[in-house]
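Observations on the model geometry
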Amino acid sequence: MASWAKSAPRPPLPLVERARAAIEARGQTDILAQLYERIVAGPNRRHLGTFFTPPAVLDYMIKRTKQVLSDEPNVVIDPGAGVGAFTEGALHHWPTSQINAVDVNIVTLGLLAARCAVLNSPNQPTFIHGDYLEWVTKIESDSLKSKLIIGNPPYTRHQLLDRKTKEVAHAASGPLCPNGQAGLSTHFLAATLRVLGPRDTICFLLPANWLETRYAREVRKHLWELRNRAVQIHAFPHEAVIFPSAQVSAMIIIVGPETGKSQNLSYFSVTQGKDLNFQVTRLAHTQRKVICPATFTVQALSGTSTSSQKSDAPQTPLSSIAVVRRGVATGDNEFFLRRDSEVADLPEESYVPALPTLRNVPEQDLTPTAHRLLGVSGVRRWLLRLDNIHTENEAVQALIGEGKRKGTPDRYLCRTRTPWYAVERTPIPDILIAPMTKTRFRVVQNLAGATPTNSIYGITLIRRTDAVESARELVEWLRCDDGQQALLSIARRHSDGLFKLEPRALANLNVPIQ
């Protein structure tokens, strides 16, 4: 234990008695989580990122950790201990280990002390009231001792971290979290990885988004390079309700002790059957002989697995043949995007074909006919171009006056432009793709020459010779099962089952050479 860390004071006697009475009355220690939820208001719990681990998930984590451990750990550390489900589990499963429960929240730490007082275990934990991210950096490394760091770190998002906490988090994570987008749970993982001794093991219950986000890229690379340690990802279905008080996609990561030979990175799917027992399926078993994939999704890990099928067709990153970018951000779509009736009196050079969404495109591709049908249905399909025409035109003057009355010049993007109505000009993309889906990504060829808004991604081929035919071949591949699987493999997945592409990931997608 770090020399500066002090054991937390015992909780007030009424709290201990209240907890003891509740446990004796209900016959279960889970009542402490309920007690905490009564003491601390819901919004404050969310701010703190406090979600309590269900007993079945805790049992599963301990079972899988025991399979990785070579022997009983000398020390067990419960980071962000909360009311102590993992601390109590450690007392039961590793009764001779030194157990450290670390938490910055005096309320939960007090409840944990009450919990352990009721248990009357001969091996009492050390309660450390302090910030785990500060504490863990001061642990003295001992290669002769083994540590198990097991727990459910707080899920606080980076937007909710105050300046001091961010400074501590970045100092603890170092180069593994170089930007300011990582949440507290990712910082916990990064900081722990940095101090991991050769005999140490990690088992964390984490939100699943770090498997795909850009801010966790260095953490994933670090894990990829730990080739002499077994690394396991146990992913719950996105629709699974792991925490009754919050909808959070959850997963478990286990990092084993160092071994004398190369170990695999494995991806498991974990589902709960009607009998409430977990069903586990291994979906990827990667030897990590190639470069680290962009994400740790099952599709990406399967693609790097030596057992996966390799395509014989030559491929190249999309960025080598095309430019990928978001559509135009107008700053005020209601003003800059116009219906057919709203451009009838305007000069033809004051507007160009546009597309606000792929949702309403009536045909497989955006042909001129399909674009015209959008206008018939009332879609805003024209983008204003007012900055290179004579503003003396009466209709144009009226339009600019309308924008001023609405306050459009004061919008964020508009006030950064001179003049405010000079919407950015970008090349017309050859291909349009919807960045979000729950099933298949919509991909269309832009035969109408429409300018997309920023809710659509555009793909513009670099080589303009035979661009229409080349775009057709690329569109057909992106639409086929192989192309859709490739898109899904690079997409981030949200808790509601929604897949989302990012421009950078799309640009790095390997596609057949056209």
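No experiment lies behind these values; they were computed from the predicted model shown.

Reading the values: the criteria
Residues numbered from 1 in each chain as written. Predicted model: local features only at pLDDT ≥ 70, side-chain atom pairs only at ≥ 80, totals over all residues. Heavy atoms only, no water. Axes fitted to C-alpha atoms, helices over the stretch in contact; angles between N-to-C directions. Helix = DSSP H or I, 4+ residues; strand = E, 2+ residues; numbered from the N terminus. Parallel < 35°, antiparallel > 145°, perpendicular 65-115°, else oblique. Contact = heavy atoms within 4.5 Å. Nonpolar A, V, L, I, M, F, W, Y, C, P; charged D, E, K, R; others polar. Core = buried A, V, L, I, M, F, W, Y, C linked by side-chain atoms within 4.5 Å. Buried < 20%, exposed > 50% of the residue type's maximum accessible area, 1.4 Å probe, protein only. Pairing = 2+ DSSP bridges. pLDDT = per-residue confidence, 0-100. Salt bridge = Lys/Arg side-chain N within 4 Å of Asp/Glu carboxyl O.

1. Considering the packing of helix H16 (residues 467–479) against helix H17 (residues 481–490)
Here H16 crosses H17 at 75 degrees, and the two axes come no closer than 4 Å. Between H16 and H17, the angle is such that the two are roughly perpendicular. The segment H16 lies against H17, with Trp477, Leu478 and Arg479 engaging Asp481, Asp482, Gly483, Gln484, Ala486 and Leu487. A breakdown of the residues in the contact of H16 with H17 according to their chemical character gives 4 nonpolar, 2 polar and 3 charged.

2. Describing the nonpolar core
Core analysis: the biggest nonpolar cluster contains 49 residues, and Leu193, Trp210 and Ile253 have the highest contact counts within it. Top element by residues in this core is helix H9 (residues 184–194). It accounts for 6 residues. For Trp210, the contacting residues outside a window of four places in its chain are Thr186, Leu189, Tyr215, Ala216, Val219, Arg220, Leu223, Met251 and Ile253. Of all hydrophobic cores here, the second largest spans 31 residues; its members include Ala85, Leu112, Ile150 and Cys203.

3. Re unusual backbone geometry
In this structure, the amide linkage connecting Thr418 to the following residue, Pro419, adopts the cis form with an omega of -10 degrees. For Pro419, the location among the structural elements is in the loop between helix H15 (412–415) and strand S15 (431–433). In this structure, Arg288 takes a positive phi of about 60 degrees despite not being glycine. Following the sequence through the fold, Arg288 ends up in the loop between strand S9 (278–286) and helix H11 (298–303).

4. Considering the pairing of strand S13 (residues 351–355)
When a strand is regular, its side chains alternate between the sheet's two faces. Summarising the sheet, S13 and strand S14 (residues 382–384) pair through 3 bridges and their orientation is antiparallel. Paired with Pro353 across the strands is Trp382, a residue of S14. One ladder, built from 2 bridges, connects S13 with strand S18 (residues 451–452); its direction is parallel. Of the residues in S18, the one forming a bridge with Leu355 is Pro452.

5. Quick word on the pairing of strand S8 (residues 265–272)
Sheet topology note: the strand S6 (residues 231–235)/S8 ladder contains 5 bridges and is parallel. Across the sheet, residue Ile233 finds its bridge partner in S8, namely Tyr267. The pairing of S8 with S9 spans 8 bridges and is antiparallel. Within S9, the residue paired with Ser269 across the bridge is Thr281.

6. Observations regarding the sheet that holds strand S21 (residues 499–500)
In spatial order, the strands read S16-S21-S20; together these 3 strands make up an open sheet with antiparallel pairing. This sheet does not close on itself; its edge strands, each paired only once, are strand S16 (436–437) and strand S20 (492–493). When S16 meets S21, the two strands line up antiparallel, connected through 2 bridges. Considered in S21, the bridge of Met436 is made with Lys500.

7. Side note on the environment of Cys480
For Cys480, the location among the structural elements is in the loop between H16 and H17. For the pair Cys480 and Arg440, spaced 40 residues apart in sequence, the C-alpha to C-alpha distance is 9.9 Å.

8. As for the confidence of the model for the chain
For the chain, per-residue confidence averages 84 on the pLDDT scale, and 85% of positions sit at 70 or higher. Every residue in residues 35–49 is under pLDDT 50, and counting partners more than four places away or in other chains gives 30 contacts. The low-confidence segment residues 304–311 (pLDDT under 50) makes 12 contacts with residues lying over four places distant or belonging to another chain.

9. A closer look at the pattern of salt bridges
As enumerated under the stated definition, the model contains 18 salt bridges in all. With a closest N to O distance of 2.8 Å, Asp200 and Lys147 form a salt bridge. Placement of Asp200 in the loop between H9 and strand S5 (201–207) and of Lys147 in strand S4 (residues 147–151) is noted, with a sequence separation of 53 residues between them. Across the pair Asp387 and Arg425 runs a salt bridge, and its minimum N-O distance is 3.1 Å. In this pair, Asp387 sits in the loop between S14 and helix H14 (394–406) while Arg425 sits in the loop between H15 and S15, placing the two residues 38 residues apart along the sequence. The class of Asp387 is partly exposed, set by a relative accessible area of 31%. If you follow the salt bridges from partner to partner, you end up with Arg326, Arg492 and Glu502 in one network.

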